[in-house]
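# Chains, contacts and geometry: an overview
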Amino acid sequence: MLNPIQVLCSDITSLSLEPEPFASYTEADIISTVEFNHTGELLATGDKGGRVVIFQSEPESHEPEFDYLKSLEIEEKINKIRWLPQQNASHFLLSTNDKTVKLWKVSERDKRPEGYNLKDEEGRMKNLSTVTSLQVPVLKPMDLMVEVSPRRVFANAHTYHVNSISVNSDHETYMSADDLRINLWHLGITNRSFNIVDIKPVNMEDLTEVITAAEFHPHHCNLLVYSSSKGTLRLCDMREAALCDKHSKLFEEPEDPSNRSFFSEIISSVSDVKFSHSGRYLLTRDYLTAKVWDLNMENKPLEIYQVHDYLRSKLCSLYENDCIFDKFECAWNGSDSVIMTGAYNNFFRMFDRNTNRDVTLEASRESSKPRAVLKPRRVCQGGKQRKDDISVDSLDFTKKILHTAWHPTENIIAIAATNNLYIFQDKLNQEMHG
Amino acid sequence: MFPKGTKRKFSDSREEPVAGGEDVNQSNLAAVRMLSSYSLQRQSLLDMSLIKLQLCHMLVEPNLCRSVLIANTVRQIQEEMTQDGTWQIMTQALSAANAAAQCSADRLVATEVLCRQTEAAQGEQVPKPFPVVGSEGCPAEEVAEVGMTMSTVSPQAPTSYLPGTFGMDPCWEEDTGEDDDDDDEEEDSEECGSGSEGEERERDSLVEDTRTAEQVFGTFEIKNPAPSPDPALEELFSDVDASYYDLDTVLTGMQSVPKMGPYDLLESLSSHGPSPLSSSTSCRSDLNELDHIMEIIVGS
């Protein structure tokens, strides 16, 4: 992979009401989650104001484009969106805010029945004395209408803030995880959930570790993984016990004593964990690195990628301004050969696991005219500074790319930069290879 | 960073350079300088962390993970300070100060003992805002940014108490003859001209901070002692889960260190929920009033 990345749709703002390109945004417009559905046809974004926007790719066009499809309002900041695997013509997605998970049905309608006997065109009841004959209602074409309707509300199961949801491969159950607990739900049952992980100590005074992310295995419906603020990953097997407090496997990298500081624990906290599509590997993101783990090797990661090691000497300042607590997500490409994650200054990074090459790109209005090819960026830490290099001290830490998504089959990526959504594609190769 | 448990060799640092022994003494001096710089940085990190914990309920989005990580950082620092003896010295000094002081809302109890200079010697006491932490003003900025509805000076009080009481090196405490150099207050903690300058700087911050604390306590004397809950704030956090307030007892969970006065202070600093101090088993009667003051400041 890692061919030149082309701007596909520059700068789709989820807040489509703003006419000026550089309109200021509010906190509510900040995108908080991005997710492709299983075919890659649909892309959903959620923001802090509780809006979900769904984009659809044009299947017939030579170069896929994403059109704004639908926007719906939920209360509160949307933390995660997960699509359900498609089973019929409709699409379903799960969204969660801090407390409540909701299931939505996204359906398209392009036909409308006309010719009712008892109702008139506006839907009012007809005066029966005017009805003299029977007719069969017919379906007439109409403008495509997308309807998003809430189907289920899964509430009252979380005391702490929900940070993850994950649909199981059995397509019947899903899990929701908050800081201290993970619950298992059946998609059809809203008034009952099962608690499968609980790390809340008896005395909250003894609390030293929280759950940061969780995900089901893509193929084995009994396996799930969750990450913690201490940098550990726990693989749990639901067949072993009803309450998965005892892990099947514990993945933890031994601490490097030479690098030890008061910030060691904070930067080891895992902000995101993702199974590879194959189910063989885990991808985790902590503050400075992205790591690939082999499910069969618990004592250390398989690969470690330095995302922005130049920040290591600045940890105290980043602690002071709270940036050290930023939670970056990570993503696999469809073939599990490339991993991607965001950084500061609207930079995002991609690492090719096979060639060991990596690239830094920027998602910004200035560099993203449609069809333009993104230029690789470089951060220099002193020493020779080439033209177009950025020095560490001029990085903008308010511009962080926390949420990224990779199309399941093609080399198309969605990048959320604060309130803007960028979609990029691989210029040379539409199909994925690797 | 320096290995844990490294004891500072103060006897070495206090020796006058002598011929033949100069190199050894200079390298010892350098080591002392580095260590005192480290302890200043560590102290400022501790102060910063305590402010963050105190203000965590003021965040737009309450974040349990962040609070836990900060609390763990505080615990780590305290463990290290315990190991190298700093913590015990501080708590001894504090308890001595408390025993000697009158517990009135008007005065910071530790002032008399730890700050050897009387207020008269300091000249006219002009209440003016000072940086919260000795030489780094950043925590104060952070406080300001949060936009607290309470007096912006108030959150500084508990933390200004801390550097004042805990930042003192035990050996330097005996050295009362040093002149205070007010100009050192703004110096970057990185710069360490000599060990004695570090002392002066710490003492300055001590003096200034205690003055700040007195000013704050004085302020609260004038105001309604029980701050009325801000309706806007209440509304903002009306649906914040009360379980977050359990975190105020996180710091009390440090079983490894003997419970003593300072922990009560730390508890009250991080407390922002109901009955923050009732669970403390070692609440000393002579600190009750001080704790009460802390509660008011923290705004429980």
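Residues numbered from 1 in each chain as written. Chains lettered and ligands numbered in written order. Predicted model: local features only at pLDDT ≥ 70, side-chain atom pairs only at ≥ 80, totals over all residues. Heavy atoms only, no water.

### What to know about the overall build of chain A
- Helices and strands together make up the secondary structure of chain A, namely two helices and 30 strands.
- Taken over 434 residues, chain A has a buried fraction of 54%.
- For chain A, the proportion of contacts with a sequence separation of at least 24, taken over those separated by at least 6, is 53%.
- Accessible surface computed for chain A: about 19600 Å², of which carbon and sulfur atoms make up 49%. (Helix = DSSP H or I, 4+ residues; strand = E, 2+ residues; numbered from the N terminus. Buried < 20%, exposed > 50% of the residue type's maximum accessible area, 1.4 Å probe, protein only. Contact = heavy atoms within 4.5 Å. Areas by Shrake-Rupley, 256 points an atom, 1.4 Å probe, with all protein chains shown as cover.)

### What to know about the nonpolar core
- Residues Tyr287(A), Leu311(A), Leu318(A), Tyr319(A), Ile324(A), Ile339(A) and Leu395(A) are the most contacted members of the largest nonpolar core, which totals 55 residues.
- A per-element tally of this core places helix H3 (residues 64-83) of chain B first, with nine residues.
- In this structure, Tyr287(A) is in contact with Ile267(A), Ser269(A), His308(A), Leu311(A), Leu315(A), Leu318(A), Cys323(A), Ile324(A), Asp326(A), Phe328(A) and Tyr344(A), ignoring residues within four places of it in sequence.
- Counting residues in each nonpolar core, the second largest holds 16 residues, with Val338(A), Met340(A), Ile413(A) and Phe424(A) among its members. (Core = buried A, V, L, I, M, F, W, Y, C linked by side-chain atoms within 4.5 Å.)

### Details of the sheet that holds strand E9 (residues 138-154) of chain A
Residue and element names in this part refer to chain A.
- Taken in spatial order, the four strands make up an open sheet running E6-E7-E8-E9, and their pairing is antiparallel. Looking at the sheet topology across the chains shown, the edges are occupied by strand E6 (80-83) and E9. The mean inter-strand angle of the sheet, taken between neighbouring strand axes irrespective of direction, is 25 degrees.
- Where E6 meets strand E7 (residues 91-96), four bridges bridge the pair, whose relative direction is antiparallel. Across the sheet, residue Lys 80 finds its bridge partner in E7, namely Thr 96. (Pairing = 2+ DSSP bridges. Axes fitted to C-alpha atoms, helices over the stretch in contact; angles between N-to-C directions.)

### A short note on the packing of aromatic side chains
- Scanning the entire structure with this criterion turns up 14 aromatic pairs over all chains.
- On the numbers, 6.0 Å between centres and 80 degrees between planes, the contact of Phe251(A) with Trp293(A) is edge-to-face. Taken together, the residues Phe251(A) in strand E17 (residues 249-251) and Trp293(A) in strand E20 (residues 289-294) connect sequence positions 42 residues apart. Accessibility classification places Phe251(A) together with Trp293(A) in one group, the buried group.
- Ring-pair connections join several aromatic residues into one group, and the members of that group are Tyr287(A), Phe328(A), Tyr344(A) and Phe397(A).
- Looking at Lys119(A), its charged tip hangs above the ring of Tyr116(A), at a distance of 4.6 Å from the centre.
- One residue, Lys52(B), lies across the ring of Tyr319(A), its end atom 5.3 Å from the ring centre. (Phe/Tyr/Trp six-rings, centres within 6.5 Å; stacked < 30°, edge-to-face > 60°. Lys NZ or Arg CZ within 6 Å of the ring centre and 35° of its normal.)

### Considering the interface of chain A and chain B
- Across the contact, 32 residues belong to chain A and 34 residues belong to chain B.
- By the criterion of area lost to chain B, the three top residues of chain A are Glu205(A), Phe262(A) and Glu320(A), representing 29% of everything that side buries.
- Counting every contact that joins chain A to chain B gives two salt bridges.
- A salt bridge links Arg66(B) to Asp322(A); the nearest nitrogen and oxygen atoms lie 2.8 Å apart.
- Where the side of chain A that touches chain B is concerned, the elements lending two or more residues are helix H1 (264-268) and helix H2 (315-320) of chain A. (Buried area = accessible area lost by both parts, 1.4 Å probe. Salt bridge = Lys/Arg side-chain N within 4 Å of Asp/Glu carboxyl O.)

### A short note on the pattern of salt bridges
Residues and elements named next belong to chain A.
- Here the structure, examined in full by the defined rule, presents 29 salt bridges over all chains.
- Between Arg 124 and Asp 120 there is a salt bridge, with the nearest N and O atoms lying 3.5 Å from each other.
- Using a relative accessible area of 53% as the deciding quantity, one classes Arg 124 as exposed.
- A residue is classified by how much of its surface remains accessible, and Asp 120, at 25% relative accessible area, is partly exposed.
- For Arg 377, the salt bridge goes to Glu 362, with nearest N and O atoms at 2.1 Å. Taken together, the positions of Arg 377 in the loop between strand E25 (358-362) and strand E26 (379-380) and Glu 362 in strand E25 put the pair 15 residues apart, joining distant regions of the chain.
- Judged by its relative accessible area of 18%, Arg 377 falls in the buried class.

### Some thoughts on H3(B)
All names here are of chain B.
- Its 20 residues place the ends of H3 28 Å apart at the C-alpha level, agreeing with the 28 Å of an ideal helix rising 1.5 Å per residue.
- Across the 20 residues of H3, 18 count as buried, placing the element largely inside the fold.
- Two to three positions downstream of the cap, the backbone nitrogen of Cys 65 sits 3.2 Å from a side-chain oxygen, assigning the N-cap of H3 to Asn 63.
- Just downstream of H3, Gly 85 is the residue with a positive phi angle, here 90 degrees. (Expected span 1.5 Å × (residues − 1). Polar contact = N/O pair within 3.5 Å; in protein donor to acceptor, adjacent residues only side chain to side chain.)

### Topic: the pairing of strand E16 (residues 233-237) of chain A
All names here are of chain A.
- For E16, the tally of buried residues reaches five of five residues, placing the bulk of the element in the interior.
- The side-chain alternation of E16 yields two buried faces, one formed by Leu 233, Leu 235 and Asp 237 and the other by Arg 234 and Cys 236.
- Strand direction decides the pairing type here: strand E15 (residues 223-228) and E16, joined by five bridges, are antiparallel. In the sheet register, Leu 223 faces E16, and the bridge partner there is Asp 237.

### Some remarks on the state of the cysteines
- As enumerated under the stated definition, the model contains zero disulfides over all chains in all.
- With no disulfide partner, Cys244(A) has as its closest neighbouring cysteine sulfur the one in Cys236(A), 5.1 Å distant. (Disulfide = S-S within 2.5 Å.)

### Some thoughts on the sheet that holds E15(A)
Residues and elements named next belong to chain A.
- Read across the sheet, four strands follow the order E14-E15-E16-E17 without closing on themselves; strand pairing throughout is antiparallel. At either margin of the open sheet sits one strand with a lone partner, and together these are strand E14 (211-216) and E17. When the angles between neighbouring strand axes are averaged without regard to direction, this sheet yields 20 degrees.

### A closer look at the environment of Cys65(B)
- Position of Cys65(B) among the secondary structure elements: in helix H3.
- Setting aside residues up to four positions removed in sequence, Cys65(B) forms contacts with Val210(A), Thr212(A), Ser229(A), Ser269(A) and Lys327(A).

### Digging into the confidence of the model for chain B
Residue and element names in this part refer to chain B.
- Model confidence for chain B is summarised by a mean pLDDT of 52, while 25% of its residues fall at 70 or above.
- Highest mean pLDDT in chain B belongs to H3 (94); lowest belongs to helix H8 (residues 170-173) (30).
- In this model residues 9-18 is a low-confidence stretch, pLDDT under 50, and it forms 13 contacts with partners more than four residues away in sequence or in other chains.
- The low-confidence segment residues 102-283 (pLDDT under 50) makes 323 contacts with residues lying over four places distant or belonging to another chain.
- Of the two predicted TM-score estimates for the complex, the pTM is 0.66 and the ipTM is 0.87. (pLDDT = per-residue confidence, 0-100.)

### What about unusual backbone geometry?
Residues and elements named next belong to chain A.
- Of note in the backbone geometry, Asp 336 takes a positive phi value of approximately 65 degrees without being a glycine.
- Note on Asp 336: relative accessible area 8%, which makes it buried.
- Positive phi values are uncommon outside glycine, yet Asn 356 reaches one of about 60 degrees.
- For Asn 356, the position within the fold is in the loop between strand E24 (347-352) and E25.
- Taking the relative accessible area as the measure of exposure, Asn 356 reaches 59% and is therefore exposed.

### Focus on a nonpolar patch on the surface
- A contiguous nonpolar surface patch, about 350 Å² in accessible area, is contributed by Leu118(A), Met125(A) and Leu128(A).
- Relative to the helices and strands, Leu128(A) is located in the loop between strand E8 (101-114) and E9. (Patch = residues over 30% accessible without salt bridge, like charges linked within 9 Å, V, L, I, M, F, W, Y side chains within 5 Å.)

### Comments concerning the pairing of strand E23 (residues 338-342) of chain A
All names here are of chain A.
- Most of E23 sits out of view: five of its five residues are buried.
- Where strand E22 (residues 330-332) lies against E23, three bridges are found, and the strand directions are antiparallel. Following the sheet pairing, Ala 331 is matched in E23 by Met 340.
- Here five bridges tie E23 to E24, and the two strands are oriented antiparallel to one another. Within the sheet, the bridge partner assigned to Ile 339 lies in E24 and is Phe 351.
- Counted between consecutive antiparallel strands, the loop separating E23 from E24 contains four residues, among which Asn 345 sits at a positive phi close to 60 degrees.

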